[in-house]
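Okay, here's what each chain looks like letter by letter:
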Amino acid sequence: MNISQKAIILLLFALFIGHSADIQGQTRQTREEYIDRYHPIAIDHMERYGIPASITLAQGILESDCGNSFLSRSSNNHFGIKCKKNWTGKKVYHDDDEKGECFRAYPTVEASYEDHAEFLDKQPRYDSLFVYAPDDYRSWARGLKAAGYATAPDYAQRLIRIIEESRLYLFDREGGSDLYARRELERFEEAASVHRPAETVAEGVDPDNFQITLGTHGPHSVHRCNGIPFVRAQRDDTFELIAKELRISAHNLRKFNELESDAQPLTGEVIFLERKKKFWQGSEEFHTAAEGESLFSVSQRYGIQQKSLRKLNKLKRGEQLFSAGARIRLR
């Protein structure tokens, strides 16, 4: 090998390292920023193809980790779509279910969204999804899993949790952008009034404070809500990893948080380390529900068992969502 060949190899290697560093060094995008950036495309595709905007956004959030995954940053692939035999565009190789699998690469994120819509629209195995209404995100989520879009056993539950946590279902309605914008403003104002500095009282810590920091355990900060310790799931966390770190069985973690036996945590999700209480120990007696707020999200917000919330509020079996303005009894 002569000097010029060595120089070319070194230059290419340096460019590769620099590109990788640029990708890894980018500022992490939040879920809210991702939604703000891409919801207009999701709404447009709902109108053109009949795919719920909430489903498109939830899949993008989950598959790309809000646009932060290496695959999405290096190839603009936000939906984890693999090459398949009919793909003639650019390709990248990435470890997934197997090592070095072929994934589609796109010139822009918008192109990835367009290909996702066409992928669902043209693949015969997804035909059954289009009998569901564009606002029936639960049936779409279950249908995607049943049709084999992803191998994760809890894929449908993950999509539904993302949609309900971020109220992406608002985008499925007429005037969805305005509905979501109003919801964000209400949430900001509510957070400003709820998350106040910790106060001390005669008995100890003020029970009305939602997040009391107790300390750190490994990479997780341990907080307390309603007298119950909890952590927030980090990127790539699983219940098995959290359980190993905190010496609690993964089975018990799922039980404490009232999740399915195959569920895994979402980034930023509250994970209680003990069983939730039967009622709220703070001074508030009621919580005023935002539009479409779910039984699960209120349960996780206050550290109250879903069964107790259902009994306190005389909910019918199967009721999961609250109407806007509903007064939810906490104790």
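So, here's what we can say about the structure. (Residues numbered from 1 in each chain as written. Predicted model: local features only at pLDDT ≥ 70, side-chain atom pairs only at ≥ 80, totals over all residues. Heavy atoms only, no water.)

### Focus on the overall build of the protein chain
Here is step 1 of the chain: When its secondary structure is counted, the protein chain shows 12 helices and 10 strands.
Here is step 2 of the chain: Long-range pairs, those at least 24 residues apart, make up 59% of the contacts in the protein chain with a sequence separation of at least 6.
Here is step 3 of the chain: Carbon and sulfur atoms form 53% of the exposed surface of the protein chain, whose accessible area is close to 17700 Å². (Helix = DSSP H or I, 4+ residues; strand = E, 2+ residues; numbered from the N terminus. Contact = heavy atoms within 4.5 Å. Areas by Shrake-Rupley, 256 points an atom, 1.4 Å probe, with all protein chains shown as cover.)

### Here's the deal with the nonpolar core
Here is step 1 of the chain: In this structure, Ile55, Tyr113, Tyr126, Leu144, Tyr149, Leu168 and Phe171 are the most contacted members of the largest nonpolar core, which totals 48 residues.
Here is step 2 of the chain: When residues of this core are traced back to their parent elements, those giving at least two are helix 2 (31-49), helix 3 (53-64), helix 5 (109-122), helix 6 (137-146), helix 7 (155-166) and helix 8 (176-194).
Here is step 3 of the chain: With 8 residues, the single largest contributor to this core is helix 2.
Here is step 4 of the chain: Excluding residues that lie within four positions of it along the chain, leucine 168 makes contacts with Ile35, Ser54, Leu57, Ala58, Ile61, Ile162 and Ile163. (Core = buried A, V, L, I, M, F, W, Y, C linked by side-chain atoms within 4.5 Å. Buried < 20%, exposed > 50% of the residue type's maximum accessible area, 1.4 Å probe, protein only.)

### Focus on the state of the cysteines
Note on terminology: disulfide describes a covalent bond linking the sulfur atoms of two cysteines.
Here is step 1 of the chain: Going through the model one piece at a time under the given rule, you end up with 1 disulfide.
Here is step 2 of the chain: The partner cysteine of cysteine 83 in its disulfide is cysteine 102, sulfur to sulfur 1.9 Å. Judged by the sign of its S-S torsion, about -70°, the cystine formed by cysteine 83 and cysteine 102 is left-handed. Here the residue cysteine 83 occupies a position in the loop between helix 4 (70-75) and strand 1 (91-94), and cysteine 102 occupies one in strand 2 (residues 101-104), the gap between them amounting to 19 residues. (Disulfide = S-S within 2.5 Å.)

### A closer look at the pattern of salt bridges
Here is step 1 of the chain: Scanning all chains against the criterion turns up 12 salt bridges.
Here is step 2 of the chain: The closest approach of N and O atoms between aspartate 44 and arginine 48, which form a salt bridge, is 3.1 Å. With a gap of 4 residues between them, aspartate 44 and arginine 48 both fall in helix 2, about one helical turn apart. (Salt bridge = Lys/Arg side-chain N within 4 Å of Asp/Glu carboxyl O.)

### Concerning the packing of helix 3 against helix 7
The description of two packed helices rests on the angle between their axes and on the distance between the axes.
Here is step 1 of the chain: Running from N to C, helix 3 and helix 7 cross one another at 110°; their axes reach a closest spacing of 9 Å. Regarding the angle of helix 3 to helix 7, the classification is roughly perpendicular. Only Tyr155, Arg158, Leu159, Ile162 and Ile163 of helix 7 make contact with helix 3, whose side of the interface consists of Ser54, Ile55, Ala58, Gln59, Ile61, Leu62 and Glu63.
Here is step 2 of the chain: Among the residues making up the contact of helix 3 with helix 7, the classes are represented as 8 nonpolar, 2 polar and 2 charged. (Axes fitted to C-alpha atoms, helices over the stretch in contact; angles between N-to-C directions. Parallel < 35°, antiparallel > 145°, perpendicular 65-115°, else oblique. Nonpolar A, V, L, I, M, F, W, Y, C, P; charged D, E, K, R; others polar.)

Interpretation in functional terms is not warranted from these geometric data alone.
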